[in-house]
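The primary structure of each chain is shown beneath.
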Amino acid sequence: MKADVSLEHLYRVFTKPENNDSTLAKIERHLSDNLSDFLSQHVVTKKTSLEEIEQDFREYLVPESPVFVSSHAQDLLDKLVSHSVNTSSPTFIGHMTSALPYFHLPLAKLLVGLNQNLVKIETSKAFTPLERQTLGMLHGLIYKRETNFYDQYLHSAKDALGAFCSGGTIANLTALWVARNKILGPNEHFAGVAKEGLFAAYQHYGIDDMGLMSSKRGHYSLGKAVDVLGLGRKNMLAVGQGSQVLKPEEALRVGKEYQARGKKLLAIIGIAGTTETGHVDPLEELSEVAKELGTWFHVDAAWGGATLFSSTHRSVLKGIDKADSVTIDAHKQMYVPMGAGMVLFKDPKSSNTVRHHAQYILREGSKDLGSTTLEGSRNGMAMMLYSSLHILGRRGYELLIDRSMQMAVKFAQLIQQTEHFELITPPTLSLLTYRLCPQHLSNMAEASDQQMAEVNSQLDTLTVSVQKQQREAGKSFVSRTRIETESYKGISTTVFRVVLANPLTTEDDLRAILEEQVTLAKNTKIWQELSKQSIERIA
Ligand SMILES: *Cc1c(COP(=O)(O)O)cnc(C)c1O
């Protein structure tokens, strides 16, 4: 249905509804009812292939004439909402996105309604101190400095305790950008890499390469960071075949070798909760290694940072306060809507290495947040975290984190007790991996190398097939990945990956997921083939 093309019509689009019976108010209620409906259903409500959905999004010309909001709203419900993924479903346990506290919906309306831009005070006013305070709270959670420290730095125009951004990727990039500009910083004879560029910096400092080090489980955003920072992807040193963590002695050895070849190590990255298996690097020891190698120490706690809320589990992150910078995502274990990441700096002066001024905004001495953030225009997402921190409180978050951990332990027990399953990596920070393995093959570790490789590859096929079928059936969702583990001699295996973060997931949900997987598995051809296999012990 076409609407008028007139300024009068457009004027109506821009103004707020007059009363509760107005068309816009009705549309709003219709959308909201529909959303509630959607959120109460399965992971996927309609079995439609991506190719079919693409047919609805084929048109490439900008629509010539306006349509009524009401008809467009219905269009969205039909084409978009009904084919979305219900990430809040208790049986959606495959990724780091989970249910949100319901209060975020009205808050989101406030956020959009106010439409503040945090790049500068002139468009954000109170949102700027709010964001700084929120960053201060997270800084305090990690670094636990004294009151004087926060009195001095929380709202200081010359310093920054951190930077708010859209997610862990930008947070990691910001941290490493700051590190690069500091390590290749200005001195008496050199204006610094920010001004002179990388080539001049390498010449000045007498190096021919610069790199980052992390375990093999480092997030792919680190690869993007070495690329964007101009260091080159070959200088992303991913250390430790078959190991889920970065071992300090190996980090030291690889770092020394790298330096001995005339290269500079920009940073060691400790991971607090790997994306694939949830493992935490030995942060305390790695901070010592970083010190010995004279390099920046960054901790990527995008997933695991929220563990600091829990008195029971926070010791897993021991040593995080030694990091020069820390990444935390609020849109993961802090249950804030997508688009909320942070980097925190131990030294409030650190981000001065990237400070940027412009005449019309970000004037010198101003408190504009945009002068030290990578992103420019930015919304007031910090408000969502600020509100969550108040509404849930440290103790509320503690309960949520503790529950997730308990559920992960429960699920691991279930996997071990259920026939035809094998736990691959035990629960760490509420993530775990496992796979299907017919019971008669449970002594795989005793097989010859050749047989192990052969059976493993069949099991890989089985996992892929079951994972896809389960996803398509739409009742539940478990993800899959490939990892190398020491128990299988470093052979890479395909595994189911589970993230237990949704507080609404129950033990019955988990049991049902395993049951569905066995049922699906038994109907595959590969299962028949596997039933003919038997492990011959090697003498
Ligand atoms: C999720 C994650 C990231 C990336 O964060 P985005 O918010 O997706 O950009 C980086 N590192 C780790 C360890 C993560 O889990």
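Since we're looking at a predicted model, the values are computed, not measured. (Residues numbered from 1 in each chain as written. Predicted model: local features only at pLDDT ≥ 70, side-chain atom pairs only at ≥ 80, totals over all residues. Heavy atoms only, no water.)

**Focus on the overall build of the chain**
Then step 1. When its secondary structure is counted, the chain shows 17 helices and 11 strands.
Then step 2. Computed over its C-alpha atoms, the radius of gyration of the chain comes to 26 Å, within 12% of the 24 Å expected for a compact globule of 539 residues.
Then step 3. Burial analysis of the chain (539 residues in total) assigns 51% to the buried set.
Then step 4. Within the chain, residue pairs in contact and separated by at least 24 positions form 72% of the contacts whose partners lie at least 6 positions apart.
Then step 5. Carbon and sulfur atoms provide 54% of the accessible area of the chain, an area that totals close to 25,900 Å². (Helix = DSSP H or I, 4+ residues; strand = E, 2+ residues; numbered from the N terminus. Rg over C-alpha atoms; globule rule 2.2 N^0.38 Å. Buried < 20%, exposed > 50% of the residue type's maximum accessible area, 1.4 Å probe, protein only. Contact = heavy atoms within 4.5 Å. Areas by Shrake-Rupley, 256 points an atom, 1.4 Å probe, with all protein chains shown as cover.)

**Some thoughts on the packing of aromatic side chains**
We describe a pair of aromatic rings using the distance from one ring centre to the other and the angle between the two ring planes.
Then step 1. All chains considered together, the criterion is met by eight aromatic pairs.
Then step 2. Ring centres 5.8 Å apart and planes at 90 degrees place the aromatic pair F190 and Y205 in the edge-to-face group. Residue F190 is found in the loop between α8 (168-183) and α9 (193-196), and its partner Y205 is found in helix α10 (residues 198-205); the two are separated by 15 residues along the sequence.
Then step 3. Given a relative accessible area of 26%, Y205 falls into the partly exposed group.
Then step 4. Summarising the aromatic geometry, the rings of Y434 and F496 are spaced 5.1 Å apart at their centres and angled 40 degrees between planes, so their arrangement reads as tilted. Here the residue Y434 occupies a position in strand β9 (residues 431-436), and F496 occupies one in strand β11 (residues 492-499), the gap between them amounting to 62 residues. Assigned by exposure class, Y434 and F496 land together as buried.
Then step 5. An aromatic cluster of three or more residues is present, and its members are F411, F421, Y434 and F496. (Phe/Tyr/Trp six-rings, centres within 6.5 Å; stacked < 30°, edge-to-face > 60°.)

**What about the packing of helix α15 (residues 449-473) against helix α17 (residues 525-532)?**
Then step 1. Running from N to C, α15 and α17 cross one another at 155 degrees; their axes reach a closest spacing of 9 Å. Our classification of the angle between α15 and α17 gives roughly antiparallel. When you trace α15 past α17, the crossing you get is left-handed. Of α17, the residues touching α15 (which contributes V455, Q458, L459, T461 and L462) are I526, W527, E529 and L530. (Axes fitted to C-alpha atoms, helices over the stretch in contact; angles between N-to-C directions. Parallel < 35°, antiparallel > 145°, perpendicular 65-115°, else oblique. Left-handed = near helix turned anticlockwise from the far one by under 90°.)

**Things to note about the pairing of β9**
Then step 1. In terms of burial, β9 is largely enclosed, as six of its six residues are buried.
Then step 2. Side chains L431, T433 and R435 of β9 all project onto a buried face; the interleaved residues L432, Y434 and L436 project onto the opposite face, where all are buried too.
Then step 3. Where strand β8 (residues 421-428) and β9 come together, five bridges link them in antiparallel fashion. Its bridge partner being in β9, T425 is matched across the sheet by T433.
Then step 4. Hairpin connection, β8 to β9: the antiparallel pair is bridged by two residues, and L429 has positive phi, about 45 degrees. (Pairing = 2+ DSSP bridges.)

**Re the side chain of Q533**
Then step 1. Within the element layout of this structure, Q533 appears in the segment after α17.
Then step 2. At a separation of 3.2 Å, a polar atom in the side chain of Q533 contacts the side chain of E454.
Then step 3. A distance of 3.0 Å separates polar atoms of two side chains, one belonging to Q533 and the other to Q458.
Then step 4. Beyond its immediate chain neighbours, meaning those up to four positions away, Q533 contacts H440, L441, Q451, E454, V455 and Q458. (Polar contact = N/O pair within 3.5 Å; in protein donor to acceptor, adjacent residues only side chain to side chain.)

**What to know about the site of the ligand**
Then step 1. Residues in close proximity to the ligand total 15 residues, the closest being G168, T169, D300, D329 and K332.
Then step 2. T169 has a polar side-chain atom sitting 2.6 Å from an oxygen atom of the ligand.
Then step 3. T275 places a side-chain nitrogen or oxygen 3.1 Å from an oxygen atom of the ligand.
Then step 4. Protein chains bury 87% of the 380 Å² of accessible surface belonging to the ligand in isolation. (Near = heavy atom within 4 Å.)

**Digging into the domain arrangement of the chain**
Then step 1. The domains assigned to the chain are domain 1 (7-84), domain 2 (116-378) and domain 3 (395-538).
Then step 2. Relative to domain 2, the C-alpha centre of domain 1 lies at a distance of 39 Å. (Domains from an automatic or database assignment.)

**Brief notes about α8**
Then step 1. When the terminal C-alpha atoms of α8 are compared, their 22 Å separation across 16 residues agrees well with the 22 Å that a helix rising 1.5 Å per residue should span.
Then step 2. Of all 16 residues in α8, 12 are buried; the element is thus mostly enclosed.
Then step 3. Taken as a whole, α8 has its buried residues at G168, A171, N172, L173, T174, A175, L176, V178, A179, R180, N181 and I183. (Expected span 1.5 Å × (residues − 1).)

**Quick word on the nonpolar core**
Then step 1. By size, the foremost hydrophobic cluster in this structure holds 67 residues, and its most contacted members are L138, V299, I320, V326, M334, M342 and L385.
Then step 2. Among the elements that line this core, the one with the most residues is helix α14 (residues 382-417), at nine residues.
Then step 3. Shared between two domains, this core takes at least three residues from each, and those domains are domain 2 (116-378) and domain 3 (395-538).
Then step 4. Among the nonpolar cores identified, the runner-up in size contains 39 residues, and L423, L462, L520 and A521 belong to it. (Core = buried A, V, L, I, M, F, W, Y, C linked by side-chain atoms within 4.5 Å.)

**Overview of the layout of surface pockets**
Then step 1. Space inside the largest pocket adds up to approximately 1,000 Å³.
Then step 2. Along the wall of the largest pocket there are 33 residues; nearest its centre are L35, L39, L100, Y102 and L105.
Then step 3. With seven residues, the single largest contributor to the lining of the largest pocket is helix α2 (residues 23-39).
Then step 4. Counted by class, the lining of the largest pocket contains 20 nonpolar, 10 polar and three charged residues.
Then step 5. Residue assignment places the lining of the largest pocket across two domains, with domain 1 (7-84) and domain 2 (116-378) each supplying three or more. (1 Å grid on protein atoms, 1.4 Å probe; cavity = no way out; pocket = protein on both sides within 12 Å on 5 of 7 lines; lining within 4 Å. Points joined across faces, edges and corners; volume = space filled by probe spheres on them. Nonpolar A, V, L, I, M, F, W, Y, C, P; charged D, E, K, R; others polar.)

**Describing unusual backbone geometry**
Then step 1. Even without being glycine, K144 reaches a positive phi, approximately 45 degrees.
Then step 2. In this fold, K144 is placed in the loop between α6 (127-143) and α7 (147-153).
Then step 3. You can call K144 exposed: its relative accessible area is 59%.
Then step 4. Even without being a glycine, L429 presents a positive backbone phi close to 45 degrees.
Then step 5. Mapped onto the fold, L429 is located in the loop between β8 and β9.

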